[in-house]
Amino acid sequence: MIHYHAIVKGRVQGVGFRYFVQGEAVDRGMKGWVRNTAEGHVELKVEGEHQKVHDFLEAVRKGSPFSKVTHLELEPISELARYSDFQIKGW
């Protein structure tokens, strides 16, 4: 199991991007959360099996049909949070 924190930059607010991220996470069995930031980005934390997390992050990097991801900042987190599901959070 691995755990990542990510900031997604580009046209990712106002285009349903958080719902896209949640759908991709649930489809892959990921746990964690996603939310908009005040700076106009999307922030997320995700944990799961190594390959599934990397596949999920690649889908996030590609984005949804209505978004345009220009940059994905990734930071591995050494400890697992043991989230119970994948949620869309408020600010």
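Look above for the structure.
This write-up is about the structure you can find in this document. (Residues numbered from 1 in each chain as written. Predicted model: local features only at pLDDT ≥ 70, side-chain atom pairs only at ≥ 80, totals over all residues. Heavy atoms only, no water.)

What about the side chain of Ser67?
Structurally, the position occupied by Ser67 is in the loop between α2 (50-62) and β4 (68-77). You can call Ser67 buried: its relative accessible area is 9%. Within polar-contact distance, the side chain of Ser67 engages the backbone nitrogen of Ser64 at 2.8 Å. Excluding anything up to four places from it in sequence, Ser67 contacts Arg11, Val15 and Phe17. (Helix = DSSP H or I, 4+ residues; strand = E, 2+ residues; numbered from the N terminus. Buried < 20%, exposed > 50% of the residue type's maximum accessible area, 1.4 Å probe, protein only. Polar contact = N/O pair within 3.5 Å; in protein donor to acceptor, adjacent residues only side chain to side chain. Contact = heavy atoms within 4.5 Å.)

Overview of unusual backbone geometry
Phi at Arg82 is positive, roughly 60°, even though this residue is not glycine. Mapping Arg82 onto the fold places it in the loop between β4 and β5 (86-88). Relative accessible area serves as the criterion here: at 63%, Arg82 is assigned to the exposed category.

Some remarks on the sheet that holds strand β3 (residues 42-48)
With respect to topology, 5 strands assemble into an open sheet ordered β4-β1-β3-β2-β5, the strand pairing being mixed. Where the open sheet ends on each side, the last strands, each with one partner, are β4 and β5. In this sheet, adjacent strand axes meet at a mean angle of 15° when their direction is disregarded. Pairing of strand β1 (residues 2-11) with β3, which is carried by 7 bridges, proceeds in the antiparallel orientation. Looking at the pairing, Ala6 lines up with Leu44 of β3. Taken strand by strand, helix α1 (residues 17-28) contacts β1, β2 (31-36), β3, β4 and β5, and its axis lies near 170° from that of β5. This element, α2, spans β1, β3, β4 and β5 of the sheet and lies at about 160° to β3. (Pairing = 2+ DSSP bridges. Axes fitted to C-alpha atoms, helices over the stretch in contact; angles between N-to-C directions.)

Remember, this is a structural readout, not a statement about activity or role.
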